[in-house]
Each structure stands twice: as structure tokens, then as C-alpha cells.
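What follows is each chain in one-letter form.
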Amino acid sequence: MMGTAELRNSERELQRFQLRVGVAGIAMLVAFGILISRFVFLQVVQHDHYRSKAEDNRISIVPIPPNRGLVIDRNGVVVARNYSGYTLEIFPRRVKSVEATIDELSELIEVTPRDRARFKRLTVETRNPESLPIRTRLTDEEVAKFAANRFRYEGVEIKARLFRQYPFGDVGSHVIGYMGRINQADQSRLEEEGVDANYRGTDYIGKSGVEATYERELHGNTGFEQVEIDAAGRGIRTLSHTPAVSGHHVVLTLDMRLQRVAENAFGERRGALVALEPGTGAVLALVSKPGFDLNLFVDGIDPQAWTELNNSPDRPLNNRAIAGVYPPGSTFKPFMALAALELGKRRPNSTINDPGYFVFGDRRFRDSKPGGHGVVDLHKSIVVSSDVYYYMLANDMGIDAIAGFMKQLGLGQPTGIDLHGEAAGVLPSPEWKTKRFRRPEQQRWYPGETISIGIGQGYNAYTPIQLAQAMATVAANGAMYRPRVVGHIENPRTRGRRSFEPELTAQVPLKREYVEFVKRAMAGVNKEGTGARAFAKAEYTSGGKTGTAQVIAMKQNEKYDESKVAERHRDHSLFIAFAPLDNPIIAMVAIVENGGFGARAAAPISRTVLDYYLLGKLPPGLQEPTPEDEFEDDKESD
Amino acid sequence: MELARIPVRRIALRLVEGIDSTLLVLILSLCMLGFAALFSASYDSPGRVLNQCVSLSIALTAMWLTAQMTPQTLMRFAVPAYVAGIVLLVLVALFGDVVNGARRWLNIGVARFQPSEMLKLAVPLMLAWYFHRREATLRLRDFALAGLLLGVPVGLILRQPDLGTASLVGAAGFYVIFFAGISWRVLGGLAGLFALALFPLWGMLHDYQRRRVLTLLDPTQDPLGAGYHIIQSTIAVGSGGISGKGWLNGTQAHLEFIPERHTDFIFAVYSEEFGLIGNLVLLVLYALLIGRGLVIAANAATLFARLMAGSVTLMFFTYAFVNMGMVSGILPVVGVPLPFLSYGGTALLTLFIGAGILMSVQRHRKLVQT
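Residues numbered from 1 in each chain as written. Chains lettered and ligands numbered in written order. Predicted model: local features only at pLDDT ≥ 70, side-chain atom pairs only at ≥ 80, totals over all residues.

Caption draft 1: Summary view of the overall build of chain A. Counting secondary structure elements, chain A contains 23 helices and 23 strands. Across the 638 residues of chain A, 44% fall into the buried class. Long-range contacts, defined as pairs at least 24 residues apart, comprise 76% of the intrachain contacts of chain A with a sequence gap of at least 6. (Helix = DSSP H or I, 4+ residues; strand = E, 2+ residues; numbered from the N terminus. Buried ≥ 20, exposed ≤ 12 C-beta atoms within 10 Å, placed from the backbone. Contact = placed C-beta atoms within 7 Å.)

In C-alpha cells form, the structure reads like this:
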């Protein structure tokens, strides 16, 4: 019984299966029927249409790369523009041997070893290139010479291309950023974003600075041209033309003249400077020294220059202002004082005795002034920069309170500036130590470590942009704005503007009288304290604070002797400032690497910058560029 | 002389044993058409034809080896192949190389390969094995579990992202479930759910995948980018006319208007040069191949054999239909090769192993018709 039931069952199953096989067969016939009707439609009904299209398809679509938008500073000074130049291009697929072609060309037109090296680099970098430039910026004479001899060189042509040009060379190089050939990684990113078609015919892309962050706005839309071609693919005539749409102009918040004054003040020294507008976050100047000449990159940097830039111990390609981290040294003290007042750990008039050292356990923390400053209150502690005052304060406050307050000021976190590559820095706290270190004994926070935090040493490490932002926040009574280097985007045709409104990232709850107290104390620094010499006879009010950050740790009783320390191990010189005292319009930080005392290197640079910004006073030896005749014609080149 | 002749005959007999001549003739005819089109498309790189010859001999060997096995032996591969496939997919997700924005390739030191390819056979194998084991006690729950077995690899491939392969693997698995007898009512319900799921699915698609679908609706919107493939391949097909432009005379192909003209778009080259007549020949060959496959499936001895034969056959159909549909502009551009014609060793290998499975099923069919 069971047997027959099973048999019948499986028979039914089989029948069901065969039914489904039949259904599949019919589905196939239907699908193929659809295909046949589509083929009949295309190949019989629409045949004439498509035949003529195929004939037209001797028409090829040639992309027309758009003009890149300009980069302009806040006063309308053009800092990145385009110029049209002739290049001599080799079509690798159309020549038998690239080497031989170059050799032949060099008989007619000068080809330097640098050109050859650059060409080789381009060959490696570019995937499946149509043509590559062997020479750029041909003179009219060279163009004429080649045109007359063109028949001798199959697979070599002259092309007109737009090149980027930076009239200021290396000034503001980290903000403006450089252009580079589109490489494999760029290409993948473009494909991911779905804009690769818009980059047909474009060879270069912004690699750093504003050129990279605002690539989308600057690039514009590629146009295309339908060109009739012969069987060999050579163009005969143009049939239709969709013009390219130029990229938008990017207008910086940066003041290029201030930038130039600031960079000039550094001379050959390494370091960084950031000047912000309190209450908007606009970046007025952003310096990272040394810089590099942006024009080196515009027609493909040659390998030698590239190696030099990359391997230089001065790291010119690094943007120190946003990616360099430095201990703040004594510039940390005004923020500590504010924290003490806000958290009720100090009264403005509470005093201590500074004997020149502070003992914690069996460790002795030295004051930078041997013998100490005597009786010190909070005001004086900032003016004379008493270390002992802040050793004690840090000890009283404890690390958690310090970290909690400094976090509000944005220290130890990226500011979110519109430039790539910002570093986070380190806001030391027990949590940070637990995350940072692996071994349990390293993870523990020792109370002794809190002491040197108080004077901006120890694990403290912040970027200049963070210190500038903290200074600007205090200057604006607690209003913290996201730093921006770009103020608005301008459509070159319609003159329409897209502005970036100041972005308030936090309103730090600070008591007005405490902020005023700290500001007055910082004014005292510039009047009678450590910044007094640098700010002697200033025609405006300002507040400042010097800082000297140790690069190497000193032994407890060892005395720092500058002459005995290697140049790279000398202390960093720092200065933070704002001006004027009431309603500040500029807040800044200057850092001179291995510059020694803050008062000596960074403070005078700050004075120069403030003098120019507030009074328009140029330092001796620096000429004001005359914008009228130098920059007027630049806008027309677009 | 006598002694020497006998082993030769025996070896020859042994070699053709288990090979279904109808299938073999059809497949080789398709391959010949493929060579003709490939030769025309490869005027600038003749090495491709030779490469394809090498791939073809490897694939033929693989087919022969597969055909020698019994369906019972094939069944033993089901679980290991499936598990290995899933593990490799996970490895790809973790350590795979990214090419053109998609993480599909696994680097094994000497070469890179795409594990998703092996899932095209491993998934139906696994499902057929599962249904075979549960034969006579099949419930709805089994179909749900089968759906899960299918969903895991498809989901992993979708994430790479590779919409084309994911749909092919999904289709192969679905065919097994379909032939295993899932009720029409459930099927209808699932179809309704799928239609509803399209809306959130649209949100999950990657930008480039969305653009492919959108450009299908209006390819002229993006003539430089995604629409370019469809516009140019439709022109190639349409301009071929009834009798075609003649072998080696296709202007679309030779002026480099057709992208991927060796691989996924080889049908454009073929259709331009051989016209509607050529297309009909191709469709007839495919229809005969698929018909033969369905007959083999209908006469198979066991449930496993039936399901495998049915699934592989419909896989041939899906490839052919989707590829020709995409080239002629009625289906979106997904990376599906034209079976037995497109250039590329991996796809050829998969297809020939599939053919080998059909042959194995045919050889061990039911001897007595009921």
C-alpha cells in the first residue's frame, strides 16, 4: 500500500515537473519572440535611421574641457588663474617608438632632460593616454617651426591647453593647493561619485588645499563637440557644439596681502601662523613655512623636484597650520586661568608664593625664572608667565576638570576647516591614555603628569588652527565658529553668489567678567609683561601671550642652554594674540619651530601681522603690490 | 597491426562515451559564430583569438570530466562547493581588491579571481542537493530555507557591488526552487512582494547602478557617460539590416564605437555584420540548445538530476536573453556575457561545466519510460 502511494506520489511529482518544464519552454519562446520583434524593429523598420546614424558615426564626440574657476582672495586679488599655452604632444599609439620620436623632435625643438624625465613620469602615471605633452609653453617661434615641419612627424601634434598659474608662487601655497595629473585613485573616486564622464578631456585635478576641497565648484561642466572623422579617426569638420560651462570662482576669506606680510615675517624660519576673524571663523591668513612654488606642478612636476619636496627634512608639503601638532607651552595659561575662574578654583585676587619651584612627591618642577616671581596673583601669573602658579593650579583642578574645559574650547579635536588633512591633536586625559597605550601600567594616569599639563607641556599637543580657534572663541566671548578659508562661490557668467554663512559650532558658556579678566591680563602681557618688548609703542590695544614649548625633555636639574642644543631640538616659540582689546577683529597664533623663547621669535611676527592688518603698515623692505596694473587683466583671461 | 588498432578504437570510444552529440554540435556551432565575431572585433589585437582557443580547450576538457561523473558524484560536491563559495565571498568582502569601485576580486598571490563566478553553479547545486534530500517531505518551510541558502550569497555579491552576477546567481537558484515545485500562489505572492520591494531597493542601489537603469529609459541624457554603450550598440544592431554589412565590414566595431566589443557587447559586432538573418540563426541555435536541455531535464532519473538540468538550461537561456536584450537596448546594462560567444575564459568554463552536467544527467537518465 505504502509502495504504490509513494509511486503514485512521485509520478504526480514528475508530471508536475514536466508541466513546469513546458512552462519554461513557452517562456523561452515568448522571450525570444520579444527579441525577434526588437531585432525586426531595429534592423528592418528602423534600419534606414540607424544606417544613417552609423554613417554619422564617423562622427566622434570630442570633449571640450571647461575653464577652471579662478581662486580670488577677499579683496578681489586673483591668486590662481588660467593661461592658454601651446604644448607639443605625442600620441603614443600613433608612433612606432616614443624614444625615437623624441630624439627626432629634439633636432627641431629644444627638449631638456627635465622634459624627458617629466614625460616618462606622465607615461607611468596616466592610464591609457591618448596624447601626452613632451614640451609645454612653446614660444610662438617654436610653434611656427614645428608647423612648417609637421609632415615629418607622424603622431606628434601641437595643442592649445589651459594651464593653471599662480601669480604669487609659493605664497599661500597650502591654502590654495596644487594641481596634479588625474591618477588611478582619483579616477576611481570620480567613478564612485559618478562624475567621471564630466572629466573626459580633463587631465588635471586639485590635489590639496582649496583646489582639492572645492574641486567640484572649480572644475565646471565639460562640453562636447561632434566631429566628423575619416576612417583613420582624423577630424574633418565640426557638426555640433555644446559649449563647456566654466567652473565657478572660489573667493577666499583670506587676505592675500596679509598672508604675504605674514610669510615674509617668517623669513627662512619654519613654522605656522593662523589668523582668524572672531565671530565669523573667517581665516584671514594661514601660513605654513616653508611653502613650495605651486607653479612647479602645473605642467606635471619633474621627478627630481618631486623627490626634493618629499624628502626635504623641512617637509614643505605638510600643512603645519592644520596638520602640525605642537605643545602650546605657556600660551595654554590664559585658557587655564579662564578654566580656574569658571570652575571656581581661583578668585581673581587669590595669591600664591612662587619660590621658583614646585615640589610634588619627590619631583621638583622648575619655574623658567630661577628664584621665582615672588607673590603672584592670577593677573600677574599671566603677565609674567609664572610656571609655579599653574603647576599648583593644575594640581588643584585635576586632569578631568582641565580636559573637560579645554574640550569645550575645541582643543584636541579637528575644527572642521574646509581643507583636507586636518590633524586631531591630543587633549590629554585618563580616557585618552587608556585608548592610546596598550600596557596597563602605561594606561594609568599619574597625578604627577597633571602638573606639567598646567603649563601646556606633557602630552598636550594641538594644531595651530585649534589654538587660533580657541583664542578667537575667547576673543568673541565664547562664540565658536567653524574656521573657513572660502567665503563664497561666484558664478562667472551670472555673477550669482553662493555665500557660506558663518557657522556657529558652539556657544561656550563663559561668564563675561571672567573673559574680560583674562583679556585684560593678556593686554597686560603686551603692555608690561613678556610681550611688552615686541609690542612697544603699538598704536592699538591688543592682548597676547608668549609660549615656549620644549621639544626634548630636560632632566630635573639640568638647565636649558640654547647654544648647547642642536638646532632641531631647540624650543618652539609661540605667541597667541588678539586685537583690539574691545571688540577684537583678529585673533591669531604664530609658531616658530625651534625659534627659542616665545617673546623673541613668534611675538615680533605677530606684531608685524597685527600692524599690517590694523594699520596697513608694511614692514620695511616689503613693497605693496599694486593690484590695479598687476591683476586687472587676470580676470579677463577667464 | 591488429594489436595496435584495438586500443586506439577503445580509447576513442571511451573518449566519446557520455558525450551528448546533439548538445556538443550545438555548442560548438555557437562557438564558431563566436570566433567569427571575435576575429572581427580583434583586428587590433589578434592574440585574443588564440587566447580564446586555449580557453575553449580547457573548457572542453572540464566539460568532458564533468560528463564522466554520475549525478550522484556531482551531488557530493554540493555542500563543499557552496561552503567554499560563501567563505571566499566573505574573504572578498574583507580583503578583496577594489577594481573600478567594486570589491569583487580576490588576490591569491599568482592571480586574481572572482569567487562570485563559481557561485553560479555552486548555488543551484546546493539547492538541488537540499531538495533531493527532502524529497517526498517537501513543505513550505523547505522552500523558505532554500530561499535563505540563496539569499546569503546573492546578498554578499550585491554588496560588492555586482548587480549582474547577483541577478544571475539569484536566477539560477530561483530556477531550482521553481522546478522543485513551489506553489504558484506563493510564487505570485513573492512576485508582488518583490514589486513592492523595488522602491526601497532603489534607495539601496549605488549611484552608477541607478544611472544604468535611468539611462535605459533615456540614453540620450548622458551621451558621454552611461548612455554611450546603449546608443552605440543599438546603432550597430540597427545598421546591420536584414543581411548585415558582411563579415569584417562592421564600421561601428572597427571605428571603436562599441565599448567592450570582445566581451559583453560582442553581439553588437555579430549583429552588425550578420544582420537579422544572423540573429535568427543564433536564436534558433539557442532555442535548440535550450530545448535539448529541457528534454534532458524532463527525462532525468532523480530529483537532483532534474533540478540541476533544468536550472543549467534556464541559466543558458537567461544569459542569452539578458545579453541580447541589453545590447539591443531593452534591458539595462549588466555585466552578462553572451553564452559561448563572448571572449573570456572564466565564463566559458562555467558554461561548459554546465553543459557537462547536462550530459551526465542525460547519460544516467531513466532507462524505462513510464
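Caption draft 2: Spatial organisation of the overall build of chain B. Helix and strand content of chain B: 14 helices and three strands. Counting across all 370 residues of chain B, residues that qualify as buried make up 46%. Taking the intrachain contacts of chain B between residues at least 6 apart in sequence as the baseline, contacts between residues at least 24 apart amount to 70%.

Caption draft 3: Here's a closer look at the interface of chain A and chain B. Taken together, the contact pairs 38 residues of chain A with 44 residues of chain B. Only helix H1 (2-45), helix H2 (47-56), strand E1 (59-64) and helix H7 (184-193) of chain A provide two or more residues apiece to the side of chain A that touches chain B. Looking at the side of chain A that touches chain B residue by residue, the classes come out as 18 nonpolar, 10 polar and 10 charged. (Nonpolar A, V, L, I, M, F, W, Y, C, P; charged D, E, K, R; others polar.)

Caption draft 4: Seen up close, the environment of Lys366(B). Residue and element names in this part refer to chain B. Mapped onto the fold, lysine 366 is located in the segment after helix H14 (345-363). The class for lysine 366 is exposed, based on 12 C-beta atoms found within 10 Å. Each C-alpha atom of the pair lysine 366 and alanine 298 lies 9.9 Å from the other, and the pair is 68 residues apart in sequence. Apart from the residues within four sequence positions on either side, lysine 366 is in contact with Asn299 and Ala301.

Caption draft 5: Just the sheet that holds strand E11 (residues 271-276) of chain A, in detail. All names here are of chain A. If you walk across this open sheet you meet the five strands as E12-E11-E23-E22-E21, and the pairing is antiparallel. The sheet is open, and its two borders are formed by strand E12 (283-289) and strand E21 (543-549), each paired with just one other strand. Neighbouring strand axes in the sheet, compared pairwise and without regard to direction, differ in orientation by 5 degrees on average. Sheet topology places E21 next to strand E22 (residues 572-579); seven bridges connect them, and they run antiparallel. Across the sheet, alanine 549 pairs through a bridge with histidine 572, a residue of E22. Of the strands in this sheet, E11 and E12 touch helix H10 (residues 256-266), which is tilted by about 30 degrees from E12. Each of E11, E22 and strand E23 (586-592) touches helix H20 (residues 464-475); the most contacted strand, E23, lies at about 150 degrees to it. (Pairing = 2+ DSSP bridges. Axes fitted to C-alpha atoms, helices over the stretch in contact; angles between N-to-C directions.)

Caption draft 6: Layout of the packing of helix H3 (residues 47-68) of chain B against H14(B). All names here are of chain B. Close contact between H3 and H14 brings their axes to 7 Å; oriented N to C, the two are set at 25 degrees. The angle between H3 and H14 places the two elements in the roughly parallel class. Note on packing geometry: the crossing formed by H3 with H14 is right-handed. For the pair formed by H3 and H14, the contact residues are Ser55, Leu56, Ile58, Ala59, Leu60, Ala62, Met63, Trp64, Leu65, Thr66 and Ala67 on the first element and Gly345, Leu348, Leu349, Phe352, Ile353, Ala355, Gly356, Ile357, Met359 and Ser360 on the second. The class makeup of the residues in the contact of H3 with H14 is 16 nonpolar, five polar and no charged. (Parallel < 35°, antiparallel > 145°, perpendicular 65-115°, else oblique. Left-handed = near helix turned anticlockwise from the far one by under 90°.)

Caption draft 7: Geometry of the nonpolar core. Counting residues in hydrophobic clusters, the biggest one holds 135 residues, and the most contacted among them are Leu273(A), Val274(A), Met471(A), Met588(A) and Val609(A). Excluding anything up to four places from it in sequence, Leu273(A) contacts Ala262(A), Ala285(A), Val287(A), Met588(A), Val589(A), Ala590(A) and Ile605(A). Counting residues in hydrophobic clusters, the runner-up holds 116 residues, among them Phe32(A), Leu89(B), Val154(B) and Tyr175(B). (Core = buried A, V, L, I, M, F, W, Y, C linked by C-beta atoms within 7 Å.)

Caption draft 8: Focus on helix H22 (residues 602-615) of chain A. All names here are of chain A. A rise of 1.5 Å per residue sets the reference length of H22, with its 14 residues, at 20 Å; its end C-alpha atoms lie 20 Å apart and thus fit the reference within 8%. Of all 14 residues in H22, 11 are buried, a share of seventy percent or more. Here H22 has its buried residues at Ala602, Ala603, Pro604, Ile605, Ser606, Arg607, Thr608, Val609, Leu610, Tyr612 and Tyr613. Structurally, H22 contributes buried residues whose contacts are with H10, E11, E12, E21, E22 and E23. (Expected span 1.5 Å × (residues − 1).)

Caption draft 9: View of the pairing of strand E13 (residues 351-354) of chain A. All names here are of chain A. Burial along E13 is one-sided: Ile352 and Asp354 are buried, and none of Thr351 and Asn353, which face the opposite way, are. Summarising the sheet, E13 and strand E16 (residues 374-377) pair through four bridges and their orientation is antiparallel. Bridge pairing links aspartate 354 to glycine 374 in E16.

Caption draft 10: The arrangement of the confidence of the model for chain A in detail. Across chain A, the average pLDDT comes to 86, with 91% of residues at or above 70. Contacts from residues 626-638 of chain A, a stretch scored under 50 in pLDDT, to residues over four places away or in other chains number 15 contacts. (pLDDT = per-residue confidence, 0-100.)

Caption draft 11: Fine view of the environment of His174(A). All names here are of chain A. One can find histidine 174 in helix H6 (residues 173-176). For histidine 174, a count of 29 C-beta atoms within 10 Å puts it in the buried group. Beyond its immediate stretch of four places on either side in the chain, histidine 174 contacts Gly209, Leu286, Ser288, Gly291, Asn319 and Ala321.

Caption draft 12: Highlighting the pairing of strand E3 (residues 78-90) of chain A. Residues and elements named next belong to chain A. Bridge count between strand E2 (residues 71-72) and E3: two bridges; the pairing is antiparallel. Counted as the bridge partner of isoleucine 72 is valine 78 from E3. Strand direction decides the pairing type here: E3 and strand E5 (residues 156-165), joined by 10 bridges, are antiparallel. Its bridge partner lying in E5, leucine 88 is registered against isoleucine 158. Examined bridge by bridge, E3 and strand E4 (residues 132-135) share three bridges and lie antiparallel to one another.

Caption draft 13: Spatial organisation of unusual backbone geometry. All names here are of chain A. Cis rather than trans, the peptide bond between lysine 289 and proline 290 has omega equal to -5 degrees. Positionally, proline 290 belongs in the loop between E12 and helix H11 (303-311). The omega angle of the peptide bond from alanine 579 to proline 580 is -15 degrees, so this bond is cis rather than trans. Considering the arrangement of structural elements, one finds proline 580 in the loop between E22 and E23.

Caption draft 14: Quick look at the packing of helix H4 (residues 71-95) of chain B against helix H5 (residues 116-133) of chain B. Residues and elements named next belong to chain B. Taken N-terminus to C-terminus, the directions of H4 and H5 make an angle of 135 degrees; their axes are 8 Å apart at the nearest point. Compared by their axis directions, H4 and H5 come out oblique. Once H4 is placed against H5, the crossing between them reads as left-handed. Contacts between H4 and H5 pair Met75, Phe77, Ala78, Val79, Ala81, Tyr82, Gly85 and Leu89 from the former with Ser116, Met118, Leu119, Ala122, Val123, Leu125, Met126, Trp129 and His132 from the latter. Among the residues making up the contact of H4 with H5, the classes are represented as 14 nonpolar, three polar and no charged.

Caption draft 15: Up close: the environment of Ser573(A). By the secondary structure assignment, Ser573(A) is in strand E22. Between the C-alpha atoms of Ser573(A) and Gly271(A), which are 302 residues apart in sequence, the distance is 9.1 Å.

Caption draft 16: Highlighting the confidence of the model for chain B. All names here are of chain B. Confidence in the prediction of chain B, expressed as mean pLDDT, is 85, and 89% of residues score 70 or more. Between the elements of chain B, mean pLDDT differs from a low of 65, seen in strand E3 (residues 112-113), to a high of 95, seen in helix H12 (residues 266-298). Scoring the predicted complex yields pTM 0.61 and, for the interface, ipTM 0.91.

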